[in-house]
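For reference, the chains in residue letters:
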Amino acid sequence: MKEDESQDALNEVTGGEYKYGFETRIEMDTIPKGLNEDVVRLISKKKNEPEFMLEFRLAAFRKWKEMVMPDWAHLNIPPIDFQDISYYAAPKKSEKKSMDEVDPELVDTFNKLGIPLEEQMALAGVAVDAVFDSVSVKTTMQDKLKDLGIIFMPISEAVHQHPDLVKEYLGMSVPVSDNYFTALNSAVFSDGSFVYIPKGVRCPVELSTYFRINARETGQFERTLIVADEGAYVSYLEGCTAPMRDENQLHAAVVEIITMDNAEVKYSTVQNWYPGNKEGKGGIYNFVTKRGLCKGANSKISWTQVETGSAITWKYPSCILLGDNSIGEFYSVAVTNNFQQADTGSKMIHLGKNTKSTIISKGISAGRSQNSYRGLVKVMKKAINSRNFTQCDSLLLGDKCGAHTWPYINVHNKSSIVEHEATTSKISDDQLFYCQQRGLDSESAISLIVNGYAKEVLNKLPMEFAVEAQKLLAISLEGSVG
Amino acid sequence: MLHIKDLHVSINGREILKGVNLDVKPGEVHAIMGPNGTGKSTLANVIAGREGYEVSGEIIFEGQNIFDMAVEDRARAGIFLGFQYPVEIPGVSIMNFLKTAVNEKRKYYGQEAMSAGDFLKLVEEKKKVVEIPSDLMKRSVNEGFSGGEKKRNEIFQMAMLEPKLAILDETDSGLDIDALRIVATGVTRLKKPENATVVITHYQRLLDFIVPDFVHILYGGRIVKSGDKTLAMELEKQGYDWIKKEFA
């Protein structure tokens, strides 16, 4: 294929329009821009929080003020004026008890996003917590889950209804001062989901949170906390979208998972924040800290992520393998196109004996984007007989994008085995010609090849999600081959 | 079906084909033979529409000059190229690959996508033609395949796509005699009065199994000699040296 033609094909495949770029017109309660102690107090007051939460926030805010934004990532981050952002935006009438009381505009918004808030969703086997800007607007199936002792509710409600659980676990796997963005999130987070699966319970449905940024000039700072008690199991899904805007918006979330003995949590994300336009204007800055603590023996945490959105992604879902024989997994497909930048990967910290971790990372870069894998595997002295396997592949589409790999391996005992494999490949002209000779146009060919490349990871997603993710990959790469 | 008139092909200014003429009618089997490096594969690639060549002359397929047609449109119109070196497509199963290919073709002809059931039936039917094992179907396209498996997979794809014109580029290379027999039997079974086959080969042995109606010798960028199957036998006896002497 000729150079310019393959570029055309690349552009066609990557030029897919962002489908979720609309804006909902709804009356909002937004606090003025800026961040100081009073703002933190105001957020806490708006949520009518107990004293311990205000203390938590203020301590975090004080930490944050002393910290500086990290600059070690392979990202070109324009300066962010943290005083030029509003830290709380909620649709008015957000008081809710039943479906009837959710603003029809919001129901409509989530319908457009393919997230029906009706209880009929139960048929699909998914319970949903819908978060709109700073607040949760609806959590479905709560009553049914309650019968099993499962708590699935906005964290803002959990603070009131289950203060002891929140107090015990909040900040356990991600300490407030872990990094600049965790401190910021801890100070100003407004909502998110709280999940508690009691001892021996297997959650019969997928739990899901859908995050939507709508308001202008606001940041979204959500907080998710998932606790699986002894022998419990839950599969959790997270999805996210935002309107198309010329200005950048900040999203700094924290997700914490804690598993007790023999418990298992599967956490799947399809991240589709607005990536900015083809010239690199606009898009979400996504600075997220996700960490799971395998606290108990034989427990397991899996992260699966499909990252197609955001102008900038800074994200390293990690596992701390504290319990003996615990298992951590990270499966990732990260796609960058146009001017997107992603620095993403995982950390696996082995503390317990016989702990195992797997990292499978598949990067796909197109356009002028930069896609980096950054991973840390650390095996401590007491983590004897531990194992890690890391496979880190990069696929390049076109010749103006970049793929980078930064593996850090740190082993402090002699009985452990750590493996790292890495490959970089391009979609070859031969592959394209072969597919086209069988009647596929270049776009279907690219979509097929890319999905094949990412299959190992896509297979880890729950079924409905996997289909969505496949489509999303095709759309994100519309126009991209070389 | 296929008329090639005075076809000239160059790569980076170097002329590979210097005026090829070829006429293929429905129901015919043509063999194109010749020493290595005489442009046999180039001819196959140019008919299939591969980019990167400077071409002049005419290639008329089913009454239409196809120079401006995209590779995929030529394929959908019924031109199939069996590759000498089929590429690997990791993570894409043969089933998925073929389902996509079959449905792209149907879409081109305004037909609905084939249901999963019908597709499976078609697979079962065609599998027998080329004696392709079921477990191969689940594997990624050509990934880790032996030479014989790759070629068998090519013929299986040909069976599934039912082309009007099949061009088999060195399908016999790298095959042992059993694999050769299976591949050739498959090709023979797929032969229909309305379809044509062009077999490109270096050796005569494939033509013991696929009996050609015409044999052409491509040398120095031209078809220097045409005849019936006895020409292939003559070549087998005398080697390519006499051609080289005669036409050098």
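Keep in mind that this is a model prediction, so the values were computed, not measured.

1. Notes on the overall build of chain A
Helix and strand content of chain A: 11 helices and 23 strands. The 482 residues of chain A split such that 60% are buried. Sequence-distant contacts in chain A: of pairs separated by 6 or more residues, those separated by 24 or more amount to 83%.

2. Regarding the overall build of chain B
In terms of helices and strands, chain B carries 9 helices and 12 strands. Taken over the C-alpha trace, chain B has a radius of gyration of 18 Å; the compact-globule value for 248 residues is 18 Å, and the two agree within 12%. Counting only residues that meet the buried cut, chain B has 42% of its 248 residues in that class. Taking the contacts inside chain B whose residues are at least 6 apart along the sequence as the reference set, 71% of them involve residues at least 24 apart.

3. Concerning the environment of Thr336(A)
Residues and elements named next belong to chain A. Along the chain, the position of Thr336 falls in strand S17 (residues 327-336). The exposure class assigned to Thr336 is buried, which follows from the 32 C-beta atoms found within 10 Å. In sequence terms Thr336 and Ser476 are 140 residues apart; their C-alpha atoms lie 8.1 Å from each other.

4. Brief notes about the pairing of strand S2 (residues 14-24) of chain B
Residue and element names in this part refer to chain B. Pairing of strand S1 (residues 2-11) with S2 involves 8 bridges; the strand directions are antiparallel. Opposite His3, over in S2, you have Asp23 as the bridge partner. Connecting the antiparallel pair S1 and S2 is a turn made up of 2 residues, with Asn12 showing a positive phi of about 45°.

5. Points about the nonpolar core
The nonpolar side chains of a soluble globular protein tend to be buried with one another. Counting 191 residues, the largest nonpolar core has Val195(A), Val234(A) and Ile167(B) as its most contacted members. Val195(A) has contacts with Ile151(A), Phe152(A), Leu207(A), Ile226(A), Val227(A), Val234(A) and Tyr236(A), leaving out every residue within four places of it along the chain. Among the nonpolar cores identified, the runner-up in size contains 6 residues, and Val128(A), Val131(A), Tyr210(A) and Phe211(A) belong to it.

6. As for helix H8 (residues 229-238) of chain B
All names here are of chain B. All buried positions along H8 are accounted for by Leu231, Ala232 and Leu235. Buried positions in H8, seen along its axis, are confined to an arc of 100° and lie on one side of it. For H8, the exposed residues set more than 90 degrees away from the buried face come down to Thr230 and Lys237. Remark: Gly239 follows H8 within two positions and exhibits a positive phi of approximately 75°.

7. Brief notes about the confidence of the model for chain A
Confidence in the prediction for chain A averages 84 pLDDT; 85% of positions are at 70 or higher. Every residue in residues 1-15 of chain A scores below 50 in pLDDT, and together they form 42 contacts with partners more than four places removed in sequence or on other chains.

8. Comments concerning the interface of chain A and chain B
Each side of the interface is counted separately: chain A has 19 residues, and chain B has 23 residues. At the level of secondary structure, the elements contributing two or more residues to the side of chain A that touches chain B comprise helix H9 (429-437) and helix H10 (442-458) of chain A. Residue composition of the side of chain A that touches chain B, grouped by class: 7 nonpolar, 6 polar and 6 charged.

9. Topic: the sheet that holds strand S3 (residues 29-33) of chain B
All names here are of chain B. Read from one edge of the open sheet, 6 strands run S6-S9-S10-S3-S11-S12, paired in mixed fashion. Each end of this open sheet is capped by a strand with a single partner; those strands are strand S6 (79-82) and strand S12 (222-227). Sheet twist, expressed as the average angle between the axes of neighbouring strands with direction ignored, equals 20°. Pairing geometry for S3 and strand S11 (residues 214-219), over 4 bridges, is parallel. The residue bridging Ile32 from the neighbouring strand is His216, located in S11.

10. Remarks on unusual backbone geometry
All names here are of chain B. Unusually for a residue other than glycine, Asn142 sits at a positive phi of about 65°. Its location among the elements puts Asn142 in the loop between strand S8 (140-141) and helix H6 (147-161). On the basis of neighbour counts, which here come to 21 C-beta atoms within 10 Å, the residue Asn142 falls in the buried class. Its identity is not glycine, yet Glu162 carries a phi of approximately 45°, on the positive side. Tracing the backbone through its elements, the reader meets Glu162 in the loop between H6 and strand S9 (165-169).

11. Let's talk about the pairing of strand S21 (residues 387-396) of chain A
Residue and element names in this part refer to chain A. Counting buried residues along S21, 7 of its 10 residues qualify, which places the element largely inside the surrounding structure. Examined bridge by bridge, strand S19 (residues 356-365) and S21 share 10 bridges and lie parallel to one another. By the bridge assignment for S21, Ser361 is matched with Cys392. Pairing of S21 with strand S23 (residues 417-426), which is carried by 10 bridges, proceeds in the parallel orientation. Opposite Asn388, over in S23, you have Val418 as the bridge partner.

12. Things to note about the packing of helix H4 (residues 116-130) of chain B against H6(B)
All names here are of chain B. Interaxial distance between H4 and H6 falls to 9 Å at its minimum, and their mutual angle equals 135°. With respect to H6, the element H4 is oriented oblique. In the packing of H4 onto H6, the handedness of the crossing is right-handed. Residues Leu122, Lys126, Val129 and Val130 of H4 pack against Arg152, Ile155, Phe156, Ala159 and Met160 of H6. Class assignment for the residues of the contact of H4 with H6 results in 7 nonpolar, no polar and 2 charged.

13. Digging into the sheet that holds S2(B)
All names here are of chain B. The 4 strands are arranged S2-S1-S4-S5 in an open sheet whose pairing can be described as antiparallel. Both outer strands of the open sheet, S2 and strand S5 (64-65), are each paired with one neighbouring strand and no more. Across the sheet, helix H1 (residues 40-48) lies against S1, S2 and strand S4 (54-61), angled at about 70° from S2, the strand it touches most.

14. Quick notes on the packing of helix H3 (residues 51-66) of chain A against helix H8 (residues 180-188) of chain A
All names here are of chain A. Taken N-terminus to C-terminus, the directions of H3 and H8 make an angle of 145°; their axes are 7 Å apart at the nearest point. In this structure, the crossing between H3 and H8 has a hand that is left-handed. Contacts from Phe56, Arg57, Ala60, Phe61, Lys63 and Trp64 in H3 reach Tyr180, Ala183, Leu184, Ser186 and Ala187 in H8. Looking at side-chain class alone, the contact of H3 with H8 contains 8 nonpolar, 1 polar and 2 charged residues.

Criteria and cut-off values
The residue numbering used here restarts from 1 in each chain and proceeds along that chain's sequence as written. Numbering of ligands from 1 and lettering of chains from A proceed in the order in which they are written. Note on the predicted model: pLDDT of at least 70 is required for a residue's local features to be given, and 80 or more for side-chain atom pairs to be given and counted; whole-chain, interface and lining totals, by contrast, use all residues. Each helix corresponds to a stretch of at least 4 residues labelled H or I by DSSP, and each strand to a stretch of at least 2 residues labelled E; elements are numbered beginning at the N terminus. The exposure scheme places C-beta atoms from the backbone and then counts, for each residue, the other C-beta atoms within 10 Å of its own, assigning buried at 20 or more, exposed at 12 or fewer, and partly exposed in between. Contact between residues is assigned whenever the C-beta positions, reconstructed from backbone atoms, fall within 7 Å. With the radius of gyration taken over C-alpha atoms, the globule rule is written as 2.2 Å times the number of residues to the power 0.38. Strands pair, by our definition, only if DSSP identifies at least two bridges between them. Any set of buried Ala, Val, Leu, Ile, Met, Phe, Trp, Tyr and Cys residues joined through C-beta atoms within 7 Å is what this text calls a nonpolar core. The arc refers to the directions leading from the helix axis to the C-beta atoms. The score called pLDDT rates the predictor's confidence residue by residue, from a low of 0 to a high of 100. Nonpolar residues are Ala, Val, Leu, Ile, Met, Phe, Trp, Tyr, Cys and Pro. Charged residues are Asp, Glu, Lys and Arg, and all others, Gly as well, are polar. Orientation is described by axes fitted as lines to C-alpha atoms, over the contacting stretch for helices, and by angles from 0 to 180 degrees between their N-to-C directions. By definition in this entry, angles of less than 35 degrees are roughly parallel, angles greater than 145 are roughly antiparallel, angles of 65 to 115 are roughly perpendicular, and the rest are oblique. With the far helix as reference, a near helix turned anticlockwise by less than a right angle produces a left-handed crossing, and one turned clockwise produces a right-handed crossing.

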